[in-house]
Amino acid sequence: MRLPGYTTLKSAAGSLLERPLRTLLTMLGIIIGVAAVYAMLSIGEGAKEKILKSIDSVNARTMSIYPDWSQGRASRRRPWRPFSDKDVEQIQTLPGVYAATGDLSRQYPIVSETSDWNANVNGIDAQYLKAKDLEIDQGRPITSVEISRRETVAVIGTSVVRSLFRDQNPVGRRIKINNIPFTIIGTVTSSAGDNWAGRDPDNFVLIPRTTGRARLFGDHRLARNQVRGIVIVGESQQDLGRIESEVDYILRRARGLSADEAPDFRIFNFSANRQSYAKSQKTLSLLLATMGAVSLLVGGVGVMNIMLVSVTERTREIGLRMAVGARRSDILWQFLTEAVVLSIISGLLGLGLGYGVSKISLGTDNIEMLFAPHIAVLSFSSALIIGVVFGFLPAHNASRLNPIDALRHE
Amino acid sequence: MNTPLIKTENLTKIYGRGAAEIRALDGVDFEIESGEFVAIIGASGSGKSTLMNMLGGLDRPDLGRMFIAGQDLGQMSNKALAKFRNETIGFVFQQFQLLPKKSARANVMLPLQYRRPRREDEKALAEQSLARVGMSDRIAHKPTELSGGQQQRVAIARALVDAPELLLADEPTGALDSKTSTDVMALLKKLNAQGITIVLITHDADIAAYATRIITMRDGKITADERTEKAP
């Protein structure tokens, strides 16, 4: 049993293949249009996803607070003041705060049995690993019991492992920090993206803050219950603005500053920058997609142009087909099918090309980022619509021909 | 006597209006029986082409009526006329009107493409039809690879493929040399002998002589209607 549309489809394909060069050139407009729409939307979408991902990361939800050293130096009347453990504890209880920790660190020489190295030594509290998004590689983290007992245990970063232990498992080995012996109980790697330009993010040693205060940082100008800065991570980026103002309130109260006084600390919150970057990226990809749509439209005009030429060229064929029994609707469908077949094939090729282009420009093999079904459907169906819309006029013209005149056409 | 295959009553076609009015057909009445071989002869402008278009369901009369194979053509919708052309009429044109990029068989199959319902054996029918005109060995050839006479044979095979009741030939030898013309006319004669009704339009008396009946037209009117020999 033959399907009714089968012959129409076959003869449409046949007549497109009879003029391969022209068919290819006509298709080119649509191919480029679809590829442009697909690539632009998917590149835009991919870039947005990348940004959203980074926005969601701990790093992007982090803000830091440090004393305003420039103010202190300039006025002399107000030497910089550190923050207290109580400030940190209060901030930890704020709603929307994922983790908060004090920053208390200093560079010290680290000595193992065989070699020595310089690293940043951090005196940490219980929330430090969480706030810095650090995960234990080997061994275990420092417990709160160890913190309260001031034990001489240490967790070291991978750069220290590499330098002092040549990547051997150091858990259980001993090191001396500023001549005080510590036992290594674990190792950690910082999460990717935590890399501050030029600084090695993994060159650190973590010890209990209490131990540090009692035995290491004694000569430091900080008091026993003080930290140099505070690092705060919000539950989500949206919380950061509110947390910032609440932190500002807490710190002003702790320092006896009124609301209209200039603060002697600074809050560094980078999330606003990221959001505006995401917004401008969106505008850009919209602009590019518009350009793609315009080229698709131009491709459609090309299809119409070629179909009109084709109808004129094949006037006698149309007359003959009518003479041997074709209805007007048969002729209409014949040419419409040609336009649609042309558009479908171009649409598919365009999708392939667009995929390739976005793969190259996004530089990733991540299928999820490269192939968004809704973008594919959108760009493909716009090709189809273009085919139907721009194919209709020529097809309609063909179907309205008078067979007697058409047969005489030269 | 049976009802005639073709019967026209006061068939009239008018082009233009008022003073510029031209009656391409002016009250034409005739009947053609099934199995006849009729030549309609006349000078250019005599109305013979208009008559042929009308007989083929490509044009409609302005006045009068026309019955072919029991169907009243004046009353038919465009759709019904398309079906009529498909099933009842086989056209043969002066310029052959073959699709240049398609094989002889594909050309012959063309009318079957518009048949409703479609037939399963389109290829076999086309090949049989080509055999009937002596073109079995040229099935896969394209028109450009065939001589004029061969092309016209393919065109005749196309007209015959769905067993029409009437073969309409419009100057079928107009584009052929005299030797080939003779061959093509002999073929038509043979087909008529097999029972196919043929109406032939020509301006050439020698060609018209192949027919068993000659209708002469002038200024849209029939001026003579004579039988050259007894109908078989």
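As shown above, the structure is provided for reference.
Residues numbered from 1 in each chain as written. Chains lettered and ligands numbered in written order. Predicted model: local features only at pLDDT ≥ 70, side-chain atom pairs only at ≥ 80, totals over all residues. Heavy atoms only, no water.

Draft legend 1. Looking closely at the overall build of chain A. Broken down by element type, chain A carries 15 helices and 13 strands. In chain A, which comprises 410 residues, the proportion classed as buried is 46%. The long-range fraction of contacts in chain A, counting pairs at least 24 apart against all pairs at least 6 apart in sequence, stands at 79%. Surface exposure of chain A reaches about 20,700 Å², of which carbon and sulfur atoms provide 58%. (Helix = DSSP H or I, 4+ residues; strand = E, 2+ residues; numbered from the N terminus. Buried < 20%, exposed > 50% of the residue type's maximum accessible area, 1.4 Å probe, protein only. Contact = heavy atoms within 4.5 Å. Areas by Shrake-Rupley, 256 points an atom, 1.4 Å probe, with all protein chains shown as cover.)

Draft legend 2. Layout of the sheet that holds strand β8 (residues 197-202) of chain B. All names here are of chain B. Ordered in space as β6-β7-β8-β3-β9-β10, the six strands form an open sheet in which the pairing is mixed. Both edges of this open sheet fall to β6 (89-92) and β10 (221-227), since each of them pairs with a single strand only. Neighbouring strand axes in the sheet, compared pairwise and without regard to direction, differ in orientation by 20° on average. In this sheet, β8 lies alongside strand β3 (residues 37-41) in parallel orientation, the contact comprising five bridges. Residue pairing for β8: Phe37 is matched across the bridge by Ile198. Packing against the sheet, helix α1 (residues 48-55) makes contact with β3, β6, β7 (166-170), β8 and β9 (213-218), and its axis sits at approximately 150° to β7. (Pairing = 2+ DSSP bridges. Axes fitted to C-alpha atoms, helices over the stretch in contact; angles between N-to-C directions.)

Draft legend 3. Region of interest: the nonpolar core. Core analysis: the largest hydrophobic core is formed by 67 residues, its most contacted members being Ile6(B), Leu55(B) and Val199(B). Per-element accounting of this core gives the leading share, eight residues, to helix α12 (residues 328-362) of chain A. Once residues lying within four places of it in the same chain are set aside, the contact partners of Ile6(B) are Phe30(B), Glu31(B), Ile32(B), Leu55(B), Phe67(B), Ile68(B), Leu166(B) and Val199(B). Within the second largest apolar cluster, 39 residues are counted, among which are Val88(A), Phe182(A), Val205(A) and Leu257(A). (Core = buried A, V, L, I, M, F, W, Y, C linked by side-chain atoms within 4.5 Å.)

Draft legend 4. Quick look at the sheet that holds strand β4 (residues 63-68) of chain B. Residue and element names in this part refer to chain B. Read from one edge to the other, the open sheet built from four strands follows the order β2-β1-β4-β5, with strand pairing classed as antiparallel. Whereas interior strands pair on both sides, the edge strands pair on one side only; in this sheet they are β2 (22-32) and β5 (71-72). Both strand β1 (residues 6-15) and β4 contribute to a ladder of five bridges, which runs antiparallel. Looking across to β4, one finds that Ile6 is bridged to Ile68.

Draft legend 5. Main features of a nonpolar patch on the surface. A cluster of nonpolar residues, Leu21(A), Leu25(A), Leu28(A) and Ile32(A), forms a patch on the protein surface that exposes about 400 Å² of accessible area. For Ile32(A), the position within the fold is in helix α2 (residues 20-56). (Patch = residues over 30% accessible without salt bridge, like charges linked within 9 Å, V, L, I, M, F, W, Y side chains within 5 Å. Salt bridge = Lys/Arg side-chain N within 4 Å of Asp/Glu carboxyl O.)

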